[in-house]
Amino acid sequence: QGGAAMLLLFMLLHILQSDAAERSVLDRDLLAALRDEQFVLHYQPQLNSAGRVIGAEVLIRWQHPQRGLVPPIEFIGHAEKTGLIIPIGKWVLEQACTQLRIWKDDPLYRDIGLAVNISQNQFRQAAFVPDMLDLIAVHGIEAHRLELELTETLIVQDMEDLVRKMVALADHGVRFSLDDFGTGFSSLSHLKRLPLNTLKIDRSFISDVLTDASSETIVRTVIGLGQSMGMTVIAEGVETEAQQRFLASNGCVQFQGYLFSKPLPLQEFAAFVARQHG
Ligand code: C2E
Ligand code: CA
Ligand code: CA
Ligand code: CA
């Protein structure tokens, strides 16, 4: 019996160690990725009801020397746990600001802003607000071209700090959207206190909006809520014309999804924008 317990202990130790070893390999690789500039941003077009590109969501990918293009699901969650999301998130914001600077005087991009995903522990950093304002000033960009996508998980804890930071940035013109809306538990009283410009309806509701009555109700409700609170409502993950028609006829005014375009490397996004200007 003692032998069995020893064996179990030994196995557990082994699992813990290999897990820790794997963890540190990924950490080391992510640090190298930052240093060697292996991260790239893809741009997914966001369109208005007239079919014009009004912005793009920037989505990170990892151009790994051996593994090829690695999607964010394989490293963002890990980076959030270890804190590496802080330097990675900074890099993303820097790139987004650099790109906005490049587009600043280009008439093709006059109406185009960038939406950037911000992790909760990134936004929780004490220096987030001054760092963000610095970036905007250093790049000489218009703050309203930048929309920060936050998720409802942020709302659950320390509402005061959240409101203070959001208001400080919103006062400078930075825009905010609530991502994956409908999947969390934010209450209306919370929503009312936040300077949000946009509600982003989660893809899961869009994908069954035509086949599932409760998704349909949620989508209609979110659109109505956004309208009544003076926010823009954008649907993400729009894949079919039927979905878009349903959304548009219920008052949704902005769309993002494979129906229009996948997230694109910069050059292809530029071509997409150029094409619509004919
Ligand atoms: P998200 O913010 O909800 O981003 C939307 C995801 O849906 C993207 O996946 C996008 O490629 C995908 N998508 C867009 N349209 C469609 C569609 O019509 N159909 C389907 N099936 N999918 C669609 P992606 O790029 O793999 O990103 C996954 C998640 O990784 C993001 O979810 C976001 O939470 C996170 N992420 C990506 N980039 C960053 C970043 O720079 N910083 C942080 N903190 N998180 C990021
Ligand atoms: Ca997002
Ligand atoms: Ca989303
Ligand atoms: Ca999501």
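We now turn to the structure provided with this report. (Residues numbered from 1 in each chain as written. Chains lettered and ligands numbered in written order. Predicted model: local features only at pLDDT ≥ 70, side-chain atom pairs only at ≥ 80, totals over all residues. Heavy atoms only, no water.)

Focus on the coordination of the calcium ion (ligand 2)
Consideration 1: Around the calcium ion (ligand 2), the donor atoms from the protein are Glu57 (OE), Asn117 (OD1), Glu149 (OE) and Asp179 (OD), and they sit 2.1 to 2.3 Å away.
Consideration 2: In the primary structure, the donors to the calcium ion (ligand 2) are separated according to the pattern E-x59-N-x31-E-x29-D.
Consideration 3: A spacing of 3.7 Å is found between the calcium ion (ligand 2) and the calcium ion (ligand 3), which share Asp179 as a donor. On the criterion of sequence distance, the pair formed by Asn117 in strand E4 (residues 113-117) and Asp179 in strand E6 (residues 175-181) is long-range, its members being 62 residues apart.
Consideration 4: According to the relative accessible area criterion, Asn117 is partly exposed, its value standing at 30%.
Consideration 5: Relative accessible area serves as the criterion here: at 7%, Asp179 is assigned to the buried category. (Donors = N, O, S within 2.8 Å, 3.2 Å for Na, K, Ca; no water. Helix = DSSP H or I, 4+ residues; strand = E, 2+ residues; numbered from the N terminus. Buried < 20%, exposed > 50% of the residue type's maximum accessible area, 1.4 Å probe, protein only.)

Section: the pairing of strand E2 (residues 53-64)
Consideration 1: Across the twelve residues of E2, ten count as buried, placing the element largely inside the fold.
Consideration 2: Between strand E1 (residues 39-48) and E2, which follow one another and run antiparallel, lie four residues, and Gly51 among them has a positive phi close to 85 degrees.
Consideration 3: Relative to E4, E2 runs parallel, the two sharing four bridges. By the bridge assignment for E4, Gly55 is matched with Gly113.
Consideration 4: Pairing analysis gives three bridges linking E2 to strand E3 (residues 68-70), with the strands arranged antiparallel. Note that in E3 the partner of Gln63 across the bridge is Leu69.
Consideration 5: In textbook terms, the turn of a hairpin is the stretch between consecutive antiparallel strands, and for E2 and E3 this stretch comprises three residues. (Pairing = 2+ DSSP bridges.)

Some remarks on the nonpolar core
Consideration 1: In terms of nonpolar packing, the biggest core is built from 78 residues, with Phe39, Phe123, Met132, Leu148 and Phe269 touching the most fellow members.
Consideration 2: Here the element with the most residues in this core is helix H3 (residues 85-103); it accounts for ten residues.
Consideration 3: Setting aside anything within four residues of it in sequence, one finds Phe123 in contact with Ile118, Phe128, Leu150, Leu154, Leu162, Lys165, Met166, Leu169 and Phe176. (Core = buried A, V, L, I, M, F, W, Y, C linked by side-chain atoms within 4.5 Å. Contact = heavy atoms within 4.5 Å.)

Quick look at empty space enclosed by the protein
Consideration 1: Inspection of every chain in the model, using the stated rule, returns one cavity of 30 Å³ or more.
Consideration 2: In this model, the largest cavity occupies a volume close to 30 Å³.
Consideration 3: The wall of the largest cavity is formed by Leu150, Thr151, Leu154, Ile155, Leu162, Met166, Leu178, Leu194 and Leu196.
Consideration 4: Of the residues assigned to the lining of the largest cavity, the class counts are eight nonpolar, one polar and no charged. (1 Å grid on protein atoms, 1.4 Å probe; cavity = no way out; pocket = protein on both sides within 12 Å on 5 of 7 lines; lining within 4 Å. Points joined across faces, edges and corners; volume = space filled by probe spheres on them. Nonpolar A, V, L, I, M, F, W, Y, C, P; charged D, E, K, R; others polar.)

So, the environment of Thr183
Consideration 1: The topology assignment puts Thr183 in the loop between E6 and helix H8 (188-193).
Consideration 2: Its relative accessible area of 43% is what places Thr183 among the partly exposed residues.
Consideration 3: Distance from Thr183 to Glu152, taken between C-alpha atoms, is 8.0 Å for residues 31 residues apart in sequence.
Consideration 4: The residues touching Thr183, leaving out its near neighbours within four places in the chain, are Glu152, Asp202, Ser204 and Phe205.
Consideration 5: There is a polar contact of 2.7 Å between the side chain of Thr183 and the backbone oxygen of Asp180. (Polar contact = N/O pair within 3.5 Å; in protein donor to acceptor, adjacent residues only side chain to side chain.)

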